Amino acid sequence: MKSINIKVLRTFKNNFSLFSGTILLSMLIALFVTACLSVGSTITDTVQGIMDGQNIESCEFVLLNDLDNPEEVEQKFNAEIDDIQYYDDENGDKTIRIFKENFKVDKPYVTDGDNLSNEDEIMINRDYAKNNDLAIGDKIDVNGTTFTICGFYLRPDYMYMLKSGSDPYVNKDNFGIAMVTEKAFEAHFTDFKKAYSAVFKEADYDNDFTISFREYLNEHYTILSYTSADSNVRITTANSLGEGVVRMVYTYSPVIYILIMGFLIVTLTRVMKCERKNIGIMLSFVYTKREIAVSYMKLVSIVSLIGSIIGTVIGILVTPALTNFYAADLIMPKINYGINIAGIVVAVVVPLILMAAAAYIYISRALRTDAVMLLRNTYTKKSSAKGGKAFSHSNANTAFKYNFRMILRNKLRYFVFLVGNFIAACLILMGIIIGCTINHVLDDQEKFVNSYEYSYRMKSVHYDYTGEGEAMLSASLETKDTGGSLAVTGIQDDSQYLTFQLKDGGDADISNGFYISYCASVFYDIQTGDTVTLIDPASLEEYQVKIDGVLDINKERAIYCSTENAAKLLGYENGAYNVVISDDPIHFDEGDLSTTVRSSNIVSTLKELFKPLMQTIYVIVALGAIMGIVVISMVSKLTTDENTSNIVMLKIFGYKRHEIASMVFGLNKYFAIIGYLAALPVMMMMCKMMCISEIENYGLYMKVYFPWYYMLLTFVVYFAVFLLTQLWAQRKINSIPTIAEQRE
């Protein structure tokens, strides 16, 4: 066995250039798997560790009457309840939300510095401090009182730090959280907002349990608002981020594994042709077919391990940078970047097993050939023989017959070439389609930015507004079927700020009916004529709404109607309102106002929100280009090596280089074109599905935008990469020594 092992190493050395493509593809998939699983598990473990350790809430609610006996409720429902008191200190566009120190639910986690010990100390979140040039030990004025920053902290329910749960965007520059002692809060912040958070100790509590909890609270204290942890965007986004990164592995890696195994079989086919005599000699020396098959399986294992180990090492090295990139929107502690053992196993062992098994099966089948035929090098597949006779009596030109026969002789190679170009085109198209869609969103701001500048939301419903601007009535409800949020917004019949167009054309008569935004229609699959059952999350009261049309609005999951219809649906009298919109600032009593939103901030926030995604797009396009270059280069090399004798004869017959290249590589361009055309509809559909799935995260529907001129430009770039790679691979034609081949 020692000599056959030496032969394996010699074969690997002599055919390294043939195996280099498999090594590169193995390296890429190992890098992808290791990095994604390590990043996903690091984010998930960090987020879950904070949430579990700091007693993350099961729900949050606001009551009309204070909870006078929380211990009784805790005992009845086996829960822990903590009151949340906070004050929003606004200074221009910047807001710091100051919380009273709490100890039971959503407990603070110190990331830097020290915890609170004096009444003149304050803790803030690290990202806001960094973006506003604040450091531990600095003085900060809040609501007319000077505090000293003693440390940085985070809250588990604010790891994805939205100012309001209905806001779709994180703005770390203009919004931050802070915490002071209970005594300091009571002394300096009298006009505060109050809510409650609860943790259910029963790990497997169900929907019936939460309903009974809500019914009890509503009966005794009257619920004004209720948000479960599963509906809290601040919590669900942080929880799902790591899972989304891991999901990429299970989505894309199977296709790439199939490509690698196909490429490996193509490479082994070429190696076997070169090694026929040696295999025949080994069979003559009484080596069994199993021993020979195992020796080649070892060869493939070496190839797999080299690529996988290199890719795994690179994946481990880039994990910290990728983790920071993907978690850029989260408020995170100092992360301990761990190595995901399962990821390493998947990245190294899975391709090793798949490739070794494929090699063993293929070699075992190939060794059915008689040893004498292998020694004489006279073995020819039936398919190859048929390929050599195809169009033998046809008047078709020589190049066509030669190319067609090559397909019949090498079906698997061209299939792998087609799949490789298809995957490369998919990655390139995915990146460019998403990039075009995002740029279109930023350019077409009218569909995503309000036509008014200021939006003021009141803490409660008021009646008969007579001030500046325009009053609206809005309520955040839940769909009964899915539990997702869906707002009902009533606007004035003669609104000076809002006009609506139907998706299929024409004006919408908001004064007469209920109309759903296109964003909500796509997300919940609700169409004109459907009846939707909505639930008030506080009182659990149900509402039936028949949809009269779909509006051409790609933002907000909402149903629009007149203020009169909204009041009637929600059980209020005419003239009810809780939102005021205006072009100019309006002064309201702080006790009445809940939130203020400026439309001019949305565009800049959108750009910041999409910046990490745009950077990801560049990586996807680059990965697609690299994969395409690897596949084209290696298949071209295999084709050139196999056709060396034919190329020599064509040179002798006086064919020029470009004519020879046309005959040998003429089919490749058609497979590249087919790969692009097949990838285009697939990626249009996948990108549409991605845009729908991101509605919950971004709060808007980014309709896929990929006009014909971008399709053409993308194809030109894709085909240019193909042609340049092909031209580079064709250089070997000139290096084939005609005279030496004749002598041989």
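Residues numbered from 1 in each chain as written. Predicted model: local features only at pLDDT ≥ 70, side-chain atom pairs only at ≥ 80, totals over all residues. Heavy atoms only, no water.

**Examining the overall build of the chain**
Now for step 1: Looking only at helices and strands, one finds 24 helices and 20 strands in the chain.
Now for step 2: Looking at the chain as a whole, 51% of its 744 residues qualify as buried.
Now for step 3: Summarising the internal contacts of the chain: among those between residues at least 6 apart in sequence, 82% fall at separations of at least 24.
Now for step 4: When the accessible surface of the chain is summed, it comes to about 34600 Å², and 55% of that surface belongs to carbon and sulfur atoms. (Helix = DSSP H or I, 4+ residues; strand = E, 2+ residues; numbered from the N terminus. Buried < 20%, exposed > 50% of the residue type's maximum accessible area, 1.4 Å probe, protein only. Contact = heavy atoms within 4.5 Å. Areas by Shrake-Rupley, 256 points an atom, 1.4 Å probe, with all protein chains shown as cover.)

**Some words on the packing of helix α9 (residues 289-326) against helix α10 (residues 341-366)**
How two helices sit against one another is set out by the angle between their axes and by the gap between those axes.
Now for step 1: The geometry of α9 relative to α10 is characterised by a closest axis approach of 8 Å and an angle of 155° between their N-to-C directions. By the angle between their directions, the pair α9 and α10 is classed as roughly antiparallel. You can see that α9 and α10 cross each other, and the crossing is right-handed. Touching Arg290, Ala293, Val294, Tyr296, Met297, Val300, Ser301, Ser304, Leu305, Ser308, Thr312 and Ile316 of α9 are Ile344, Ala347, Val348, Pro351, Leu352, Met355, Ala356, Ala359, Tyr360, Ile363 and Ser364, all from α10.
Now for step 2: Along the lines of polarity and charge, the residues of the contact of α9 with α10 split into 17 nonpolar, five polar and one charged. (Axes fitted to C-alpha atoms, helices over the stretch in contact; angles between N-to-C directions. Parallel < 35°, antiparallel > 145°, perpendicular 65-115°, else oblique. Left-handed = near helix turned anticlockwise from the far one by under 90°. Nonpolar A, V, L, I, M, F, W, Y, C, P; charged D, E, K, R; others polar.)

**With respect to the packing of helix α14 (residues 411-443) against helix α20 (residues 668-693)**
Now for step 1: Between α14 and α20, whose axes approach to 7 Å, the crossing angle comes to 40°. Put simply, α14 runs oblique to α20. With respect to the hand of their crossing, α14 and α20 are arranged in right-handed fashion.

**Observations concerning the environment of tyrosine 524**
Now for step 1: With respect to the helices and strands, the residue tyrosine 524 is situated in helix α15 (residues 518-524).
Now for step 2: Judged by relative accessible area, tyrosine 524 falls into the buried class, the value being 13%.
Now for step 3: When the C-alpha positions of tyrosine 524 and aspartate 481 are compared, they lie 9.5 Å apart, and in sequence the two are 43 residues distant.

**Some remarks on unusual backbone geometry**
Now for step 1: One non-glycine residue, asparagine 55, lies in positive phi territory at about 60°.
Now for step 2: With respect to the secondary-structure elements, asparagine 55 resides in the loop between α2 (16-53) and β1 (59-63).
Now for step 3: Even without glycine at this site, aspartate 133 takes up a positive phi of about 55°.
Now for step 4: Residue position: aspartate 133 is located in the loop between α4 (126-131) and β6 (139-142).
Now for step 5: On the basis of relative accessible area, aspartate 133 is assigned to the exposed category, the value being 70%.

**Regarding the confidence of the model for the chain**
Now for step 1: In the predicted model, the chain carries a mean pLDDT of 80, and 88% of its residues have values of at least 70.
Now for step 2: At the low end of the mean pLDDT range in the chain sits helix α12 (residues 382-389), at 50; at the high end sits strand β5 (residues 121-124), at 91.
Now for step 3: With pLDDT under 50 throughout, residues 383-387 is counted as low confidence; its partners more than four residues away or in other chains account for seven contacts. (pLDDT = per-residue confidence, 0-100.)

**Focus: the pattern of salt bridges**
Now for step 1: Tallied over the entire structure, the rule returns 13 salt bridges.
Now for step 2: Close ionic contact of lysine 193 with aspartate 88 constitutes a salt bridge, the shortest N to O distance being 4.0 Å. On the criterion of sequence distance, the pair formed by lysine 193 in strand β9 (residues 193-200) and aspartate 88 in strand β2 (residues 79-91) is long-range, its members being 105 residues apart. In this structure, lysine 193 and aspartate 88 share a single accessibility class: buried.
Now for step 3: For arginine 155, the salt bridge is made with aspartate 106, and the minimal N-O distance between the two is 3.9 Å. Placement of the pair is arginine 155 in the loop between β7 (145-154) and β8 (175-180) and aspartate 106 in the loop between β3 (94-100) and β4 (109-113), with a sequence separation of 49 residues. Neither arginine 155 nor aspartate 106 differs from the other in exposure class; each is buried.
Now for step 4: What emerges from the salt-bridge pattern is a single network uniting Asp88, Arg97 and Lys193. (Salt bridge = Lys/Arg side-chain N within 4 Å of Asp/Glu carboxyl O.)

**Re helix α3 (residues 70-77)**
Now for step 1: Turning to α3, its buried residues are Val73, Glu74 and Phe77. Down the axis, α3 shows its buried residues gathered within 100° of arc, on one side only. Among the exposed residues of α3, those oriented more than 90 degrees off its buried face are Glu71, Gln75 and Lys76.
Now for step 2: One or two residues past the end of α3 sits asparagine 78, with phi positive at roughly 50°. (Arc of directions from axis to C-beta.)

**Overview of a nonpolar patch on the surface**
Now for step 1: Taken together, Trp708, Tyr709, Tyr710, Leu712, Leu713, Val716 and Val717 make up a surface patch of nonpolar side chains, about 730 Å² in accessible area.
Now for step 2: As for its position among the elements, tryptophan 708 is in helix α22 (residues 708-729). (Patch = residues over 30% accessible without salt bridge, like charges linked within 9 Å, V, L, I, M, F, W, Y side chains within 5 Å.)

**Topic: a negative patch on the surface**
Now for step 1: Negative charge collects at one region of the surface, where Asp493, Asp494, Asp509 and Glu564 lie side by side.
Now for step 2: One can find glutamate 564 in helix α16 (residues 563-570).
Now for step 3: Assessed through its relative accessible area of 36%, glutamate 564 is described here as partly exposed. (Lys, Arg positive; Asp, Glu negative; His and termini not counted. Charge placed at Lys NZ, Arg CZ, Asp CG, Glu CD.)

**Let's talk about the nonpolar core**
Now for step 1: With 155 residues, the main nonpolar core has Val33, Val47, Met159, Leu429, Ile438, Leu534 and Ile559 as its most contacted residues.
Now for step 2: The residues contacting valine 33, other than those within four sequence positions of it, are Val249, Ser253, Tyr257, Gly343, Val346 and Ala347.
Now for step 3: Core analysis: the second largest hydrophobic core is formed by 19 residues, Leu63, Tyr196, Tyr216 and Ala538 among them. (Core = buried A, V, L, I, M, F, W, Y, C linked by side-chain atoms within 4.5 Å.)

**Some words on the packing of aromatic side chains**
Now for step 1: Here the structure, examined in full by the defined rule, presents 28 aromatic pairs.
Now for step 2: Between phenylalanine 61 and phenylalanine 213, the ring centres sit 5.9 Å apart and the planes meet at 70°, which makes this aromatic pair edge-to-face. Of this pair, phenylalanine 61 sits in strand β1 while phenylalanine 213 sits in helix α6 (residues 207-220), and the two are 152 residues apart along the sequence.
Now for step 3: Among the residues examined, phenylalanine 61 registers a relative accessible area of 0% and is labelled buried.
Now for step 4: Ring geometry for tyrosine 87 against phenylalanine 189: centres 5.4 Å apart, planes inclined by 40°, an arrangement best described as tilted. Here tyrosine 87, found in strand β2, pairs with phenylalanine 189, found in the loop between α5 (182-188) and β9; they are 102 residues apart in sequence, far enough to count as distant.
Now for step 5: Judged by its relative accessible area of 1%, phenylalanine 189 is buried.
Now for step 6: Linked through ring pairs, Phe61, Phe77, Tyr196, Phe200, Phe209, Phe213, Tyr216 and Tyr226 together constitute an aromatic cluster.
Now for step 7: When the ring centre of phenylalanine 99 is taken as reference, the NZ or CZ atom of arginine 155 above it lies at 4.2 Å.
Now for step 8: Above the ring of tyrosine 518, the side-chain terminus of lysine 503 is found at 4.2 Å from the ring centroid. (Phe/Tyr/Trp six-rings, centres within 6.5 Å; stacked < 30°, edge-to-face > 60°. Lys NZ or Arg CZ within 6 Å of the ring centre and 35° of its normal.)

**Digging into α2**
Now for step 1: Helix length check: α2, at 38 residues, gives a terminal C-alpha distance of 52 Å against a target of 56 Å (1.5 Å per residue), a fit within 8%.
Now for step 2: For α2, the tally of buried residues reaches 27 of 38 residues, placing the bulk of the element in the interior.
Now for step 3: Of the residues flanking the end of α2, it is asparagine 55, one or two places downstream, whose phi is positive at about 60°. (Expected span 1.5 Å × (residues − 1).)

**What to know about the pairing of β2**
Where a strand is regular, its side chains alternate between the two sheet faces.
Now for step 1: In terms of residue burial, β2 counts as a mostly covered element, since ten of its 13 residues are buried.
Now for step 2: Pairing geometry for β2 and β3, over six bridges, is antiparallel. Paired with aspartate 88 across the bridge in β3 is arginine 97.
Now for step 3: In sequence, β2 turns back onto β3 through a hairpin of two residues, with glycine 92 there showing a positive phi of about 70°. (Pairing = 2+ DSSP bridges.)

**Details of the side chain of arginine 234**
Now for step 1: You can see arginine 234 is positioned in helix α7 (residues 233-274).
Now for step 2: Of the side chains bearing the opposite charge, glutamate 60 lies closest to the buried arginine 234, which forms no salt bridge; the N-O distance is 5.0 Å.
Now for step 3: For arginine 234, the side chain forms a polar contact with the main-chain oxygen of leucine 162, separated by 2.9 Å. (Polar contact = N/O pair within 3.5 Å; in protein donor to acceptor, adjacent residues only side chain to side chain.)

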